[in-house]
Every structure is written in structure tokens, then in C-alpha cells.
Amino acid sequence: MAALLMQKGRFLLHASGIVSHGRVHLFMGESGSGKSSLMAELRRRGYAAFTDDVCVVSSSDAGEGTVVAHASYPMMKLLPESIRAIDDERYDYSHRIWPDEEKFGQFFHEEFTTDALPVAGIRILNPRDGHTGGYLEESLGGIEAFKMLTEHTYRKQFMHEISLAGNHAILLSKLVSKVPVSLVTRSPQDSDIRS
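Here is a short report on the structure shown in this document. (Residues numbered from 1 in each chain as written. Predicted model: local features only at pLDDT ≥ 70, side-chain atom pairs only at ≥ 80, totals over all residues. Heavy atoms only, no water.)

Brief notes about the overall build of the protein chain
- Scanning the protein chain from N- to C-terminus turns up six helices and twelve strands.
- Taken across its 195 residues, the protein chain has 46% of its residues classed as buried.
- Carbon and sulfur atoms make up 50% of the accessible area of the protein chain, which totals about 10,100 Å². (Helix = DSSP H or I, 4+ residues; strand = E, 2+ residues; numbered from the N terminus. Buried < 20%, exposed > 50% of the residue type's maximum accessible area, 1.4 Å probe, protein only. Areas by Shrake-Rupley, 256 points an atom, 1.4 Å probe, with all protein chains shown as cover.)

In C-alpha cells:
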């Protein structure tokens, strides 16, 4: 599916996101960095869930150079400790995803949108051993942001196999020129999602 979308000029980011005022805020990071937990906590605070784990991005059909996001599916995956920490009655343990891993599916069909929405901002989650002092958010410049988004492109190896690296570079260049990208660093031991 990733290869087919790439051939149509759409690329997948390893990202979760919420909707605010008709625009998408994306959270990127490695597996276990807290993307799904952050999305679930922000949903508890009143934001609409958009996508979990994978987000499709493409150029807007309007032709203004805007990059839009497309949601993947209306389910987020949470660990038991996230469900306990967030303490929202919508999150439960009824849908275990894999028999050998403790992750539970949380559905949000009622707020799921199939509309392509403009991207408002991207935060790259960066749990780092040795970091102290809570959360540190740093704005990333053009080339730094470009490299980070490339690193978090889903199935990026396909781009070279089907000769689409140039299209990917053009799309990410548009994205970093129009959307603020920041790096959010915290200690992996700082697991208080509600702070």
C-alpha cells in the first residue's frame, strides 16, 4: 500500500495527530516515543483524534503549495500504563491487538474524518536518557527539519526502489517551508503524560 501511494505522489509519515481549528498537528517519533499516548491525552482534553502511527501527506489539489494530511484509520494503540495514566472512560482493555504484546486498540469512528486537512505543525518526540528538567522544545531549521522528516518517512526504502526520491524531496521541502517543525526532548523516565 505504501508503494502504491508513493506512486501517486503521496508519502507516509510515521506520525500521529490531532485536529485543531480545521488543521492537523502531527507528532512524529520512533516506536515507543509517546505519539499515541500524547494523541490520546490531547483527545481527553477536547481535541479531535486524526490519525495514529501513520499519516499520508500530499500536495493540496488547490495548487497553492499547501501540504495536506490524510488520516490512516480510526484506531489508536495504547499500552496499559498509558490507559491508566490518561484515565479516560473511552480507553479500555477490550480490544487486544496482538496476543504476544500488551497493546490495546481504541477506536474513534465518531470523530474520524476522511477529509484532507492542512498541516499546522509537526513536533518530533525525542525521549533521551540523561535529559533533565521536564520538556524542552527546540525549533528546527529547514535542512534539520527536512532530515528529521526524511528519517520518519514510513517505508522510505521504497522511494529508491521505485525512483520517487525526487518527488519525496519536493513534497518535504514544501512542508518544511510552510509548517513549523520542532524537536521535543524529555527523559524516557518522565512518563507523566498529563503534565
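Some words on the pattern of salt bridges
- The tally for this structure, following the rule as stated, stands at eight salt bridges.
- Between Arg 43 and Glu 111 there is a salt bridge; the shortest N-O distance is 3.1 Å. Of this pair, Arg 43 sits in helix 2 (residues 35-44) while Glu 111 sits in the loop between strand 9 (101-107) and strand 10 (117-127), and the two are 68 residues apart along the sequence.
- Of the charged contacts in the structure, one is a salt bridge between Asp 53 and Lys 77, with a shortest N-O distance of 4.0 Å. One end of the pair, Asp 53, is in the loop between strand 4 (48-51) and strand 5 (55-59); the other, Lys 77, is in strand 7 (residues 75-78), and 24 residues separate them in sequence.
- Residues joined by salt bridges that share partners form a network here, namely Glu 41, Arg 44 and Arg 45. (Salt bridge = Lys/Arg side-chain N within 4 Å of Asp/Glu carboxyl O.)

A closer look at unusual backbone geometry
- The phi torsion at His 21 lies on the positive side, around 55 degrees, for a residue other than glycine.
- Secondary-structure assignment places His 21 in the loop between strand 2 (15-20) and strand 3 (23-28).
- The phi torsion at Asp 87 lies on the positive side, around 55 degrees, for a residue other than glycine.

Focus: the environment of Asp 88
- Positionally, Asp 88 belongs in the loop between helix 3 (80-86) and strand 8 (96-98).
- Placed 45 residues apart in sequence, Asp 88 and Arg 43 show a C-alpha to C-alpha distance of 9.5 Å.

Brief notes about the sheet that holds strand 7
- Pairing within the open sheet is antiparallel, and its three strands lie in the order 7-9-8. Only two strands of the sheet have a single partner each, and these edge strands are strand 7 and strand 8. Neighbour to neighbour, the strand axes of the sheet diverge by 40 degrees on average, direction disregarded.
- Sheet analysis places strand 8 next to strand 9, joined by two bridges and oriented antiparallel. Bridging across to strand 9, Trp 98 finds its partner in Glu 101.
- Docked against the sheet, helix 2 engages strand 7 and strand 9, running at close to 115 degrees with respect to strand 7. (Pairing = 2+ DSSP bridges. Axes fitted to C-alpha atoms, helices over the stretch in contact; angles between N-to-C directions. Contact = heavy atoms within 4.5 Å.)

Notes on the packing of aromatic side chains
- Overall, the coordinates contain two aromatic pairs when judged by the stated rule.
- Between Tyr 93 and Phe 104 the ring centres are 5.4 Å apart and the planes differ by 90 degrees, which places this aromatic pair in the edge-to-face class. Of this pair, Tyr 93 sits in the loop between helix 3 and strand 8 while Phe 104 sits in strand 9, and the two are eleven residues apart along the sequence.
- Look at Tyr 93 and you get partly exposed, because its relative accessible area is 40%. (Phe/Tyr/Trp six-rings, centres within 6.5 Å; stacked < 30°, edge-to-face > 60°.)

Observations regarding the side chain of His 14
- Tracing the backbone through its elements, the reader meets His 14 in the loop between strand 1 (11-13) and strand 2.
- At a separation of 3.2 Å, a polar atom in the side chain of His 14 contacts the main-chain carbonyl oxygen of Gly 29.
- Not counting residues up to four positions away in its chain, the partners in contact with His 14 are Phe 27, Met 28, Gly 29, Glu 30, Ser 31, Lys 35, Asp 53, His 152 and Tyr 154. (Polar contact = N/O pair within 3.5 Å; in protein donor to acceptor, adjacent residues only side chain to side chain.)

Side note on the nonpolar core
- Judged by nonpolar contacts, the single largest core of 27 residues is most densely connected at Leu 26, Phe 50, Ile 122 and Leu 175.
- With 15 residues, the next largest nonpolar core counts Ile 18, Ala 40, Ala 49 and Val 184 among its residues. (Core = buried A, V, L, I, M, F, W, Y, C linked by side-chain atoms within 4.5 Å.)

Details of the environment of Val 179
- Among the secondary structure elements, Val 179 is positioned in the loop between helix 6 (165-178) and strand 12 (181-186).
- The contacts of Val 179, once residues within four sequence positions are left out, are Val 119, Ala 120, Gly 121 and Ile 122.

Notes on the pairing of strand 2
- Of all six residues making up strand 2, six are buried, and the element is well covered by its neighbours.
- Neither face of strand 2 is left uncovered, since the one carrying Ala 15, Gly 17 and Val 19 and the one carrying Ser 16, Ile 18 and Ser 20 both have all their residues buried.
- Taken together, the six bridges between strand 2 and strand 3 define a ladder with antiparallel strand orientation. What sits directly across from Ile 18, in strand 3, is His 25.
- Connecting strand 2 to the next strand, strand 3, in antiparallel fashion are two residues, including His 21 with a positive phi near 55 degrees.
- Bridging between strand 2 and strand 4 involves three bridges; their strand directions are antiparallel. Directly across from Ile 18, in strand 4, lies its bridge partner Ala 49.

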